[in-house]
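Summary of the model geometry
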Amino acid sequence: MVKIHPSDTKLTYIPFKDVLAEMVDVKLKDKFNFECQRCGSCCSDPPRINPKESSKMAEYLGLSNADFFKEYLSIEPDQFYIWKVLPSKKDDRCIFLKEPKQKPKYCEVYEAAPRQCRGRPLFGGSYVGDIVRPKAMKLQINQCPGLGKGKEHTVKRWIREKGLVKMWQENLDYRKKLGLLMSSTRNENELMSKIIDMFIA
Ligand code: SF4
Ligand code: SF4
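The sections below set out a description of the structure shown in this document. Everything numeric in this text was worked out from a predicted model, so none of it was measured. (Residues numbered from 1 in each chain as written. Chains lettered and ligands numbered in written order. Predicted model: local features only at pLDDT ≥ 70, side-chain atom pairs only at ≥ 80, totals over all residues. Heavy atoms only, no water.)

1. Some words on the nonpolar core
Put simply, the rule reads: Buried residues of nine kinds, namely Ala, Val, Leu, Ile, Met, Phe, Trp, Tyr and Cys, make up a nonpolar core once their side-chain atoms join them within 4.5 Å. Only protein chains enter the calculation, and the probe is 1.4 Å; a residue is then buried if its accessible area is under 20% of its type maximum, exposed if over 50%, and partly exposed in between. Secondary structure elements are defined from DSSP: runs of H or I of at least 4 residues count as helices, runs of E of at least 2 residues count as strands, and each element is numbered from the N terminus.
Counting 26 residues, the largest nonpolar core has M57, F68, L73, W83, F96, I195 and F199 as the members making the most contacts within it. Taken together, the elements giving at least two residues each to this core come down to α1 (51-61), α2 (65-72), β5 (73-76), β6 (79-85), α5 (164-184) and α6 (188-200). At 6 residues, the largest contribution of residues to this core is made by α6. Judged by nonpolar contacts, the second largest core, of 14 residues, contains F32, I159, M167 and W168.

See the structure below:
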């Protein structure tokens, strides 16, 4: 396994916008009309990802987990266990957002994109035991011009079609592992190294 020292990682800080204020709670049976307009607005805050998602994106790009980690991930310094996709060099948008001139924007890795991206315009979602907690799911309203356009979806079908349940479960597994790690040591460097190991394994 390739070893990466925490000091090799890129430190960036992107303020997390108060997007929750612009969302509404939804239930599984709720319906919404949606067709992505490829405006790129939701890519202005690069996604927070877990090791499974990182590995999937690495494979999609033909990179090793370690190379993907070094090249494309950054950490929020005040929350040292939260890893994010890097912003691009020219602005704070996700590095995978492509903006060809006079053409719609697109995601370079959408097929392998993490749950935060695949679920849009649904935001969040979680488990309590084996049950999806509908109250944790929200629709982006003001931020997403695709809402209200295109065909009708139900929240339940959207979750199934986007494979979100599996992704939420994997994220829950990651958070459980993180919890165990964090209770096993108070040494931040040791903890950071162990978390990095999970990403590049
Ligand atoms: S904000 Fe909505 S319409 Fe714009 S790219 Fe994101 S999902 Fe598509
Ligand atoms: S991974 Fe793709 S969909 Fe997700 S924020 Fe980046 S460009 Fe947007």
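Moving on from the coordinates now.
2. Here's the deal with the site of ligand 2
Rule in force here: We call a residue near a given molecule or strand whenever any one of its heavy atoms falls within 4 Å of it. Put plainly, a pocket is an open set of points on a 1 Å grid over the protein atoms alone with protein on both sides within 12 Å along at least five of seven lines, a cavity is a set where a 1.4 Å probe fits but cannot get out, and a lining residue has an atom within 4 Å of a point. Think of it this way: a molecule belongs to a cavity or pocket when more than half its atoms come within 2 Å of the grid points there. Put simply, Ala, Val, Leu, Ile, Met, Phe, Trp, Tyr, Cys and Pro go in the nonpolar bin, Asp, Glu, Lys and Arg in the charged bin, and everything else, Gly too, in the polar bin.
All residues in the neighbourhood of ligand 2 are listed as C43, P47, C94, F96, L97, C107, V109, C117 and R120. Among the detected pockets, ligand 2 sits in the second largest pocket. Broken down by class, the residue content of the shell around ligand 2 amounts to 8 nonpolar, no polar and 1 charged.

3. Re the site of ligand 1
Around ligand 1, the neighbouring residues are F34, C36, Q37, R38, C39, G40, S41, C42, Q143, C144, P145 and G146. If you map ligand 1 onto the pockets, it falls in the second largest pocket.

4. Details of the pattern of salt bridges
Quick note on the threshold: We count a salt bridge whenever a side-chain nitrogen from Lys or Arg sits within 4 Å of a carboxyl oxygen from Asp or Glu.
All told, the structure shown has 10 salt bridges when counted by the stated rule. Where E108 meets K98, a salt bridge forms, and the shortest distance between an N and an O atom there is 3.5 Å. Pair noted here: E108 is in the loop between β8 (106-107) and α3 (115-118) and K98 is in strand β7 (residues 97-98), with a separation of 10 residues, a long-range link. The partner of K194 in a salt bridge is E190, and the shortest N-O contact between them spans 3.2 Å. One end of the pair is K194 and the other is E190, both in helix α6 and 4 residues apart, which spans about a single turn. Residue K194 is classed as partly exposed on the basis of its relative accessible area of 33%. A cluster of three or more residues bridged by salt bridges with shared partners is formed by K90, D91, R93 and E99.

5. Focus: α5
Using the following cut-off: How far a helix is expected to stretch is found by multiplying one less than its residue total by 1.5 Å.
With 21 residues, α5 should reach 30 Å at 1.5 Å per residue; the first-to-last C-alpha distance of 30 Å fits that figure. Here α5 has its buried residues at L164, M167, W168, E170, N171, L172, Y174, L178 and L181.

6. Considering the side chain of R118
The line we're drawing: Residues scored as positive are Lys and Arg, those scored as negative are Asp and Glu, and His as well as the terminal groups of each chain are ignored. Polar contact is the term for a pair of N or O atoms within 3.5 Å; when the atoms are in protein, one must be able to donate a hydrogen and the other to accept it, and sequence-neighboring residues count only if both atoms are side-chain atoms. Any two residues whose heavy atoms approach within 4.5 Å are treated as being in contact.
Inspection of the secondary structure puts R118 in helix α3. This buried residue, R118, is left without a salt bridge; E111 holds the nearest opposite charge, at 4.2 Å. For R118, the side chain forms a polar contact with the main-chain oxygen of Y110, separated by 3.1 Å. If near-sequence neighbours (up to four positions away) are discounted, R118 is found in contact with Y110, E111, A113, W158, K162, L164 and M167.

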